[in-house]
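The chain contents come next:
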Amino acid sequence: MNRPKTAIVTGGAQGIGKATARRLLAKGMNVVIADADEEAGAETAAEYQRLGPIRFIACDVSQETRVCNLMDEAVKAFGGIELLVNNAGISRFKSLDEASLADWNAVIGVNLTGCFLCSKYAAFQLRLARGAIVNIASTRALMSEPHGEAYAASKGGIVALSHALAVSLGPQVRVNCICPGWIEVGEWQKRGRRTTPHHSERDRLQHPAGRVGVPEDVAAMVDYLVSDEAGFITGANFVVDGGMTRRMIYAE
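Per-chain numbering applies: the sequence of each chain, read as written, is numbered from 1 onward. Given that this is a predicted model, residues contribute local features only at a pLDDT of at least 70 and side-chain atom pairs are listed and counted only at 80 or more, while totals for whole chains, interfaces and linings are drawn from all residues. Working from all heavy atoms in the structure, the side-chain values ignore hydrogens and water.

Engineer: What am I meant to see in the layout of surface pockets here?
Structural biologist: With a 1 Å grid laid over protein atoms only, a set of points is called a cavity when a 1.4 Å probe fits there but cannot get out and a pocket when it is open yet has protein on both sides within 12 Å along at least five of seven lines; lining residues have an atom within 4 Å of a point. Grid points are joined across faces, edges and corners, and a volume is the space filled by probe spheres set on the points. Its boundaries defined by the atoms lining it, the largest pocket holds a volume of some 1,300 Å³. Every residue lining the largest pocket is counted, 43 residues in all, and those nearest its centre are I16, S91, Y151, I183 and V185. Mapped onto the lining of the largest pocket, the elements with two or more residues apiece are α1 (15–26), β2 (30–35) and α5 (149–169). Classification convention: Asp, Glu, Lys, Arg as charged; Ala, Val, Leu, Ile, Met, Phe, Trp, Tyr, Cys, Pro as nonpolar; all other residues, Gly among them, as polar. Residues of the lining of the largest pocket, tallied by class, amount to 19 nonpolar, 14 polar and 10 charged. Approximately 160 Å³ is the volume attributed to the second largest pocket. Around the second largest pocket, the lining is made up of 13 residues, and of these K5, R130, G131, V226 and D228 lie nearest the centre. Each helix corresponds to a stretch of at least 4 residues labelled H or I by DSSP, and each strand to a stretch of at least 2 residues labelled E; elements are numbered beginning at the N terminus.

Shown next as structure tokens:
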């Protein structure tokens, strides 16, 4: 292959996706950021233009026609697709009594169906390239607070979908999953929503690692999983949470 690898990062305009896009650009890849927030997408593409070849494509990943267009445009722009990072996600935390079917369908549609659609329509190119997929789930796939039924179900579905895809697409395509914990994204939002984080000592000490996570923590794991060094890793789920889900917490 005479050109750099091309990576698609959904939800790539802000948060974990934005950090991942920057990491992959720094590795010399072409990056397509796909996001439903056109303002954030255009802002990030302009900010990262100096780092390498980047393109923003507006896309609601819950819509099949939009996903097909995303893949077509990525191939037209860069000649192929080697890597897919399914990161796009939304949340609607409401009590079971208040949550509507529309709320449920919206969260499942973006978080889980979007992951399926992007993987489905990137699969041909990924097989040709012997590429890789990394899906971003959440530790809420493994544990819960109240009122997170749709979000937890969508993220748990991503974990299961990841190993199913690994079996279906292997050996040509490796597929892995990451479950981030508490990741502070305030400084990685678009300018109109950007905040400076403040964490208490209690916040930090909830984590055996001694701090709250940052988007770069997840981006580093993505970088490893798409690399040749991870060539024997597929169908796996990696928890990146500073050890928080391993700590036993009892009410005093």
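Engineer: Mind showing me how you'd approach the side chain of T6 here?
Structural biologist: When you line up the elements, T6 lands in strand β1 (residues 6–10). Take T6: its relative accessible area is 0%, and that puts it in the buried class. At a separation of 3.4 Å, a polar atom in the side chain of T6 contacts the side chain of R3. Residues are treated as being in contact if the distance between any of their heavy atoms lies within 4.5 Å. Beyond its immediate sequence surroundings of up to four residues, T6 is in contact with N30, V32, F78, G80, I81, E82 and L83. Burial classification: accessible surface area is computed with a 1.4 Å probe over protein chains only, and a residue below 20% of its type maximum counts as buried, one above 50% as exposed, and the rest as partly exposed. Counting of polar contacts relies on pairs of N or O atoms within 3.5 Å, with two restrictions inside protein: one atom must be capable of donating a hydrogen and the other of accepting it, and residues adjacent in sequence are counted only when both atoms are side-chain atoms.

Engineer: Could you clarify how one ought to interpret the pattern of salt bridges in this entry?
Structural biologist: Between side chains of opposite charge, a pair can form when the charged atoms approach closely. Throughout this description, the term salt bridge denotes a Lys or Arg side-chain nitrogen within 4 Å of a carboxyl oxygen of Asp or Glu. What the rule picks out here adds up to 16 salt bridges. The residue K27 makes a salt bridge to D223 at a minimum N-O spacing of 2.7 Å. Here K27, found in the loop between α1 and β2, pairs with D223, found in helix α7 (residues 215–225); they are 196 residues apart in sequence, far enough to count as distant. By relative accessible area, which is 6% here, D223 ends up buried. Each of the salt bridges in this network shares a partner with another, and the network as a whole consists of R23, K27 and D223.

Engineer: How should the sheet that holds strand β4 (residues 83–86) be read in this particular structure?
Structural biologist: Strand pairing in a sheet relies on backbone hydrogen bonds, with the paired strands running either antiparallel or parallel. Two strands qualify as a pair provided that DSSP identifies no fewer than 2 bridges between them. Taken in spatial order, the seven strands make up an open sheet running β3-β2-β1-β4-β5-β6-β7, and their pairing is parallel. Of all strands in the sheet, those with a lone pairing partner are β3 (54–58) and β7 (237–240), marking the two edges. Along the sheet, successive strands turn relative to each other by an average axial angle of 20°, direction set aside. Inspection of the sheet shows β1 paired to β2 by five bridges, in the parallel sense. Bridged to V9 within β2 is I33. Helix axes are fitted only over the stretch in contact, all axes being lines through C-alpha atoms; the angle between N-to-C directions runs from 0 to 180 degrees. In this fold helix α3 (residues 64–78) packs onto β1, β2 and β3, with an angle of close to 160° to the strand it touches most, β3. On the sheet, helix α4 (residues 101–129) packs against β1, β4 and β5 (132–136) and is oriented at approximately 180° with respect to β4.

Engineer: I tried to follow the pairing of β1 on my own but got confused; where do I start?
Structural biologist: In the case of a regular strand, side chains alternate between the two sheet surfaces. With five of its five residues buried, β1 lies for the most part within the structure. Burial along β1 is two-sided: the face carrying T6, I8 and T10 and the face carrying A7 and V9 are both buried. Place the viewer so that the strands point away; then a crossover is right-handed whenever the path from the first strand over the helix to the second strand goes clockwise. Handedness of the crossover joining β1 and β2 through α1 is recorded here as right-handed. Taken together, the three bridges between β1 and β4 define a ladder with parallel strand orientation. Across the sheet, residue A7 finds its bridge partner in β4, namely L83.

Read these as layout, nothing more, since geometry by itself doesn't imply function.
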